[in-house]
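Residue-level structural notes
Here is how the chains run, residue by residue.
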Amino acid sequence: MSRSSDSCGQWLPGFRVLKPSFEWRRLGGTRASSASVEGFALIDVLVGLALVGVISSLMIVFLGQARTMMRIEKATEMQMEVDAASRFLETAISRAEPLPLSKSSPENVIYLSGEPARIEFNGVQAIGFSSSALREIAISLGGEDQAEDILTIDQKPRRGSDSSRSTENQSVRLIAGVTAVKFEYLDGSPGASLWSDSWSAQRRLPAAVRFTISVDRDGAAYSSAGFARLELADTQAQPTN
(Lines give C-alpha, C1' and ligand atoms only; values in the text may rest on other atoms or scores of the structure.)
Protein backbone atom coordinates (compact mmCIF):
# COMPACT_ATOMS: atom_id res chain seq x y z
CA MET A 1 0.00 0.00 0.00
CA SER A 2 2.77 2.29 0.87
CA ARG A 3 4.59 1.20 -2.29
CA SER A 4 1.56 1.92 -4.31
CA SER A 5 1.27 5.21 -2.64
CA ASP A 6 4.89 5.89 -3.29
CA SER A 7 4.59 4.79 -6.88
CA CYS A 8 1.50 6.91 -7.30
CA GLY A 9 3.24 9.69 -5.57
CA GLN A 10 6.09 9.36 -8.01
CA TRP A 11 3.79 9.13 -11.04
CA LEU A 12 1.47 11.91 -10.05
CA PRO A 13 4.22 14.45 -9.59
CA GLY A 14 5.49 13.37 -12.97
CA PHE A 15 2.07 13.88 -14.43
CA ARG A 16 1.89 17.26 -12.85
CA VAL A 17 5.24 18.11 -14.37
CA LEU A 18 4.16 16.91 -17.81
CA LYS A 19 0.87 18.84 -17.69
CA PRO A 20 2.50 22.27 -17.51
CA SER A 21 4.82 21.17 -20.29
CA PHE A 22 1.79 20.18 -22.42
CA GLU A 23 0.05 23.46 -21.71
CA TRP A 24 3.20 25.37 -22.60
CA ARG A 25 3.44 23.58 -25.95
CA ARG A 26 -0.23 24.27 -26.58
CA LEU A 27 0.18 27.92 -25.73
CA GLY A 28 3.31 28.06 -27.80
CA GLY A 29 1.42 26.57 -30.72
CA THR A 30 -1.27 29.21 -30.29
CA ARG A 31 1.29 31.98 -30.35
CA ALA A 32 2.88 30.51 -33.49
CA SER A 33 -0.55 30.40 -35.19
CA SER A 34 -1.24 34.05 -34.26
CA ALA A 35 2.18 35.09 -35.57
CA SER A 36 1.50 33.34 -38.87
CA VAL A 37 -1.86 35.13 -39.19
CA GLU A 38 -0.25 38.48 -38.46
CA GLY A 39 2.49 37.78 -41.00
CA PHE A 40 -0.05 36.91 -43.68
CA ALA A 41 -1.89 40.21 -43.10
CA LEU A 42 1.37 42.16 -43.46
CA ILE A 43 2.08 40.41 -46.75
CA ASP A 44 -1.38 41.40 -47.99
CA VAL A 45 -0.67 45.03 -47.15
CA LEU A 46 2.68 44.92 -48.92
CA VAL A 47 1.16 43.30 -52.00
CA GLY A 48 -1.64 45.89 -52.02
CA LEU A 49 0.86 48.73 -51.77
CA ALA A 50 2.88 47.23 -54.61
CA LEU A 51 -0.24 47.00 -56.78
CA VAL A 52 -1.16 50.59 -55.98
CA GLY A 53 2.36 51.67 -56.94
CA VAL A 54 2.20 49.78 -60.25
CA ILE A 55 -1.23 51.23 -61.09
CA SER A 56 -0.07 54.73 -60.15
CA SER A 57 2.98 54.36 -62.38
CA LEU A 58 0.81 53.20 -65.27
CA MET A 59 -1.58 56.10 -64.75
CA ILE A 60 1.30 58.60 -64.72
CA VAL A 61 2.64 57.15 -67.97
CA PHE A 62 -0.84 57.18 -69.51
CA LEU A 63 -1.50 60.79 -68.48
CA GLY A 64 1.90 61.83 -69.81
CA GLN A 65 1.16 60.19 -73.15
CA ALA A 66 -2.28 61.81 -73.22
CA ARG A 67 -0.77 65.26 -72.65
CA THR A 68 1.79 64.60 -75.37
CA MET A 69 -0.93 63.56 -77.80
CA MET A 70 -2.95 66.69 -76.95
CA ARG A 71 0.07 68.90 -77.58
CA ILE A 72 0.76 67.15 -80.89
CA GLU A 73 -2.89 67.50 -81.92
CA LYS A 74 -2.94 71.18 -80.99
CA ALA A 75 0.33 71.84 -82.84
CA THR A 76 -0.99 69.98 -85.90
CA GLU A 77 -4.20 72.03 -85.90
CA MET A 78 -2.23 75.28 -85.60
CA GLN A 79 0.11 74.30 -88.42
CA MET A 80 -2.91 73.45 -90.58
CA GLU A 81 -4.35 76.90 -89.83
CA VAL A 82 -1.12 78.60 -90.92
CA ASP A 83 -0.94 76.45 -94.07
CA ALA A 84 -4.57 77.28 -94.88
CA ALA A 85 -3.77 81.00 -94.63
CA SER A 86 -0.87 80.49 -97.05
CA ARG A 87 -3.05 78.62 -99.55
CA PHE A 88 -5.65 81.39 -99.37
CA LEU A 89 -3.01 84.03 -100.12
CA GLU A 90 -1.65 81.97 -102.99
CA THR A 91 -5.09 81.85 -104.60
CA ALA A 92 -5.81 85.54 -104.07
CA ILE A 93 -2.43 86.80 -105.34
CA SER A 94 -2.36 84.48 -108.34
CA ARG A 95 -5.58 86.12 -109.61
CA ALA A 96 -4.25 89.68 -109.49
CA GLU A 97 -5.66 91.77 -112.33
CA PRO A 98 -3.43 93.97 -114.55
CA LEU A 99 -5.35 97.12 -113.63
CA PRO A 100 -4.05 100.40 -112.15
CA LEU A 101 -4.15 100.89 -108.42
CA SER A 102 -5.96 103.90 -107.01
CA LYS A 103 -2.65 105.53 -106.10
CA SER A 104 -1.47 105.41 -109.72
CA SER A 105 -1.05 108.56 -111.76
CA PRO A 106 -1.00 109.09 -115.53
CA GLU A 107 2.77 109.25 -115.37
CA ASN A 108 3.14 106.29 -113.00
CA VAL A 109 0.67 103.48 -113.62
CA ILE A 110 1.17 100.61 -111.15
CA TYR A 111 -0.67 97.31 -111.33
CA LEU A 112 0.85 95.82 -108.20
CA SER A 113 2.64 97.52 -105.34
CA GLY A 114 4.87 95.25 -103.31
CA GLU A 115 6.90 95.67 -100.16
CA PRO A 116 8.49 93.09 -97.84
CA ALA A 117 5.51 93.18 -95.43
CA ARG A 118 2.72 94.54 -97.67
CA ILE A 119 1.27 93.82 -101.09
CA GLU A 120 -1.48 95.67 -102.99
CA PHE A 121 -3.26 94.61 -106.16
CA ASN A 122 -6.65 94.46 -107.85
CA GLY A 123 -8.68 91.28 -107.80
CA VAL A 124 -12.17 89.90 -108.11
CA GLN A 125 -13.67 88.96 -104.74
CA ALA A 126 -16.88 87.15 -103.90
CA ILE A 127 -19.68 89.37 -102.61
CA GLY A 128 -22.28 87.30 -100.83
CA PHE A 129 -23.15 83.88 -102.19
CA SER A 130 -23.96 84.59 -105.82
CA SER A 131 -22.07 87.69 -106.92
CA SER A 132 -18.54 89.08 -107.14
CA ALA A 133 -16.94 92.47 -107.57
CA LEU A 134 -13.59 94.01 -108.39
CA ARG A 135 -11.75 95.14 -105.30
CA GLU A 136 -8.43 96.76 -104.51
CA ILE A 137 -6.80 94.37 -102.07
CA ALA A 138 -4.06 95.11 -99.56
CA ILE A 139 -2.49 92.31 -97.50
CA SER A 140 -0.31 93.40 -94.58
CA LEU A 141 0.62 92.73 -90.99
CA GLY A 142 -1.56 94.90 -88.79
CA GLY A 143 -3.61 96.49 -91.54
CA GLU A 144 -6.00 99.31 -90.83
CA ASP A 145 -7.11 99.57 -87.20
CA GLN A 146 -5.85 96.08 -86.36
CA ALA A 147 -3.32 94.74 -83.87
CA GLU A 148 0.25 94.43 -85.08
CA ASP A 149 0.27 90.63 -84.79
CA ILE A 150 -2.74 90.06 -87.07
CA LEU A 151 -2.39 89.41 -90.79
CA THR A 152 -5.28 91.24 -92.44
CA ILE A 153 -6.79 91.72 -95.87
CA ASP A 154 -8.20 95.18 -96.59
CA GLN A 155 -10.62 95.49 -99.50
CA LYS A 156 -11.59 98.75 -101.15
CA PRO A 157 -14.23 99.23 -103.85
CA ARG A 158 -12.72 100.40 -107.12
CA ARG A 159 -13.76 103.68 -108.65
CA GLY A 160 -16.62 103.33 -111.09
CA SER A 161 -18.04 100.19 -109.47
CA ASP A 162 -21.75 99.81 -108.87
CA SER A 163 -22.37 101.60 -105.58
CA SER A 164 -25.52 99.61 -104.95
CA ARG A 165 -23.50 96.37 -104.88
CA SER A 166 -20.39 97.75 -103.25
CA THR A 167 -19.61 98.12 -99.60
CA GLU A 168 -17.31 100.35 -97.66
CA ASN A 169 -13.73 99.42 -96.96
CA GLN A 170 -13.60 96.00 -95.35
CA SER A 171 -10.84 94.62 -93.16
CA VAL A 172 -10.75 90.86 -92.74
CA ARG A 173 -8.62 89.15 -90.11
CA LEU A 174 -6.80 86.25 -91.74
CA ILE A 175 -4.71 84.88 -88.86
CA ALA A 176 -3.53 86.14 -85.46
CA GLY A 177 -0.27 85.68 -83.61
CA VAL A 178 1.82 86.51 -86.68
CA THR A 179 5.35 87.61 -85.79
CA ALA A 180 6.59 88.20 -89.34
CA VAL A 181 5.52 88.06 -92.97
CA LYS A 182 7.79 88.53 -95.95
CA PHE A 183 6.89 88.92 -99.63
CA GLU A 184 9.30 88.56 -102.52
CA TYR A 185 8.63 89.31 -106.19
CA LEU A 186 9.97 87.69 -109.34
CA ASP A 187 10.65 89.85 -112.39
CA GLY A 188 9.87 87.64 -115.35
CA SER A 189 11.09 90.03 -118.02
CA PRO A 190 13.93 88.76 -120.29
CA GLY A 191 17.29 88.93 -118.55
CA ALA A 192 15.81 89.97 -115.19
CA SER A 193 14.63 86.73 -113.59
CA LEU A 194 15.53 87.73 -110.05
CA TRP A 195 13.70 87.87 -106.74
CA SER A 196 13.44 91.27 -105.06
CA ASP A 197 11.96 92.60 -101.82
CA SER A 198 9.79 95.21 -103.56
CA TRP A 199 7.81 95.75 -106.74
CA SER A 200 6.78 99.00 -108.39
CA ALA A 201 7.22 98.31 -112.10
CA GLN A 202 4.91 100.32 -114.34
CA ARG A 203 2.15 98.52 -116.21
CA ARG A 204 3.51 95.09 -115.30
CA LEU A 205 2.71 92.39 -112.85
CA PRO A 206 5.47 90.25 -111.37
CA ALA A 207 5.74 86.75 -112.78
CA ALA A 208 5.39 85.23 -109.32
CA VAL A 209 5.22 86.14 -105.64
CA ARG A 210 6.59 84.01 -102.84
CA PHE A 211 6.13 84.63 -99.14
CA THR A 212 6.62 83.20 -95.66
CA ILE A 213 4.35 83.54 -92.64
CA SER A 214 5.72 83.09 -89.12
CA VAL A 215 3.33 82.59 -86.21
CA ASP A 216 3.96 82.33 -82.46
CA ARG A 217 1.10 80.76 -80.52
CA ASP A 218 1.28 79.59 -76.87
CA GLY A 219 5.06 79.65 -76.89
CA ALA A 220 5.35 77.48 -80.02
CA ALA A 221 6.59 78.75 -83.39
CA TYR A 222 4.96 77.83 -86.70
CA SER A 223 5.89 78.76 -90.24
CA SER A 224 4.48 78.29 -93.72
CA ALA A 225 5.77 79.22 -97.16
CA GLY A 226 3.66 80.08 -100.20
CA PHE A 227 4.23 80.55 -103.90
CA ALA A 228 1.81 82.26 -106.29
CA ARG A 229 2.32 82.38 -110.03
CA LEU A 230 0.34 85.28 -111.43
CA GLU A 231 -1.95 84.04 -114.16
CA LEU A 232 -2.23 87.40 -115.97
CA ALA A 233 1.38 88.54 -115.65
CA ASP A 234 1.89 88.53 -119.43
CA THR A 235 -1.46 90.15 -120.27
CA GLN A 236 -1.22 93.60 -121.80
CA ALA A 237 -4.01 95.68 -120.30
CA GLN A 238 -4.93 99.22 -121.12
CA PRO A 239 -4.81 101.67 -118.21
CA THR A 240 -8.21 102.42 -116.75
CA ASN A 241 -9.54 104.59 -113.97
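Residues numbered from 1 in each chain as written. Predicted model: local features only at pLDDT ≥ 70, side-chain atom pairs only at ≥ 80, totals over all residues. Heavy atoms only, no water.

**A few points about the sheet that holds strand 7 (residues 195-196)**
Across the sheet, which stays open at both edges, the four strands sit in the order 7-6-8-9 with antiparallel pairing between neighbours. Two strands in the sheet have a free side with no partner beyond their single neighbour: strand 7 and strand 9 (220-229). Examined bridge by bridge, strand 6 (residues 178-186) and strand 7 share two bridges and lie antiparallel to one another. Bridge pairing in strand 7 links Leu186 to Trp195. (Pairing = 2+ DSSP bridges. Helix = DSSP H or I, 4+ residues; strand = E, 2+ residues; numbered from the N terminus.)

**Things to note about the pattern of salt bridges**
As enumerated under the stated definition, the model contains six salt bridges in all. For the salt bridge of Glu120 with Lys103, the shortest nitrogen-to-oxygen distance reads 3.3 Å. Residue Glu120 is located in strand 2 (residues 118-127), and its partner Lys103 is located in the loop between helix 1 (2-94) and strand 1 (112-115); the two are separated by 17 residues in the primary sequence. We classify Lys103 as partly exposed; its relative accessible area is 46%. Arg210 is paired through a salt bridge with Glu184; the nearest N and O atoms lie 2.8 Å apart. Of this pair, Arg210 sits in strand 8 (residues 208-217) while Glu184 sits in strand 6, placing them 26 residues apart in sequence. (Salt bridge = Lys/Arg side-chain N within 4 Å of Asp/Glu carboxyl O. Buried < 20%, exposed > 50% of the residue type's maximum accessible area, 1.4 Å probe, protein only.)

**Side note on the side chain of Ser113**
With respect to the helices and strands, the residue Ser113 is situated in strand 1. The buried category is assigned to Ser113, whose relative accessible area is 10%. Filtering out sequence-adjacent residues up to four positions away, Ser113 remains in contact with Leu101, Lys103, Arg118, Ile119, Glu120 and Trp199. (Contact = heavy atoms within 4.5 Å.)

**Overview of the packing of aromatic side chains**
If you walk through the whole model with that rule in mind, you get two aromatic pairs. For the ring pair Phe183 and Phe211, a centre distance of 5.8 Å and an interplane angle of 50° mean the geometry is tilted. Of the two residues, Phe183 is situated in strand 6 and Phe211 in strand 8; the sequence distance between them amounts to 28 residues. Relative accessible area serves as the criterion here: at 0%, Phe183 is assigned to the buried category. Residue classification places Phe211 among the buried residues on the basis of a relative accessible area of 2%. Here Trp195 and Phe227 contribute two aromatic rings whose centre-to-centre distance is 6.1 Å and whose plane-to-plane angle is 70°, an arrangement assigned as edge-to-face. Separated by 32 residues along the polypeptide, Trp195 in strand 7 and Phe227 in strand 9 bring together distant segments of the chain. Its guanidinium or amino end placed over the ring of Trp195, Arg210 lies 4.2 Å from that ring's centre, counting from NZ or CZ. (Phe/Tyr/Trp six-rings, centres within 6.5 Å; stacked < 30°, edge-to-face > 60°. Lys NZ or Arg CZ within 6 Å of the ring centre and 35° of its normal.)

**Some thoughts on unusual backbone geometry**
Apart from glycine, the bulk of residues carry a negative phi angle, and the bulk of peptide bonds sit in the trans form. Phi is positive for Arg203, close to 55°, though the residue is something other than glycine. Relative to the assigned elements, Arg203 resides in the loop between strand 7 and strand 8. Positive phi outside glycine occurs at Asp218, with the angle close to 55°. Within the secondary structure layout, Asp218 lies in the loop between strand 8 and strand 9.

**Topic: the sheet that holds strand 2**
Spatially, five strands are ordered 1-2-3-4-5 in an open sheet, and the strand pairing comes out antiparallel. Since the sheet does not close on itself, it has two edges, and those belong to strand 1 and strand 5 (170-176), each with one partner. Between one strand axis and the next, the sheet turns by 35° as a mean value, whatever way the strands run. Inspection of the sheet shows strand 1 paired to strand 2 by four bridges, in the antiparallel sense. The residue of strand 2 that forms the bridge with Ser113 is Glu120. (Axes fitted to C-alpha atoms, helices over the stretch in contact; angles between N-to-C directions.)

**Looking at the nonpolar core**
Residues Ile93, Ile119, Phe121, Ile139 and Phe183 are the most contacted members of the largest nonpolar core, which totals 32 residues. For this core, the elements supplying multiple residues, two or more each, are helix 1, strand 2, strand 3 (131-141), strand 4 (150-157), strand 6, strand 8 and strand 9. Among residues more than four places away in sequence, those in contact with Ile93 are Ile119, Phe121, Ile139, Phe183, Val209, Phe211, Ala228 and Leu230. (Core = buried A, V, L, I, M, F, W, Y, C linked by side-chain atoms within 4.5 Å.)

**Some words on the environment of Ser200**
Take Ser200: it is sitting in the loop between strand 7 and strand 8. Given the relative accessible area of 53%, Ser200 is considered exposed. With 87 residues separating them along the chain, Ser200 and Ser113 place their C-alpha atoms 5.4 Å apart. Filtering out sequence-adjacent residues up to four positions away, Ser200 remains in contact with Ile110 and Leu112.

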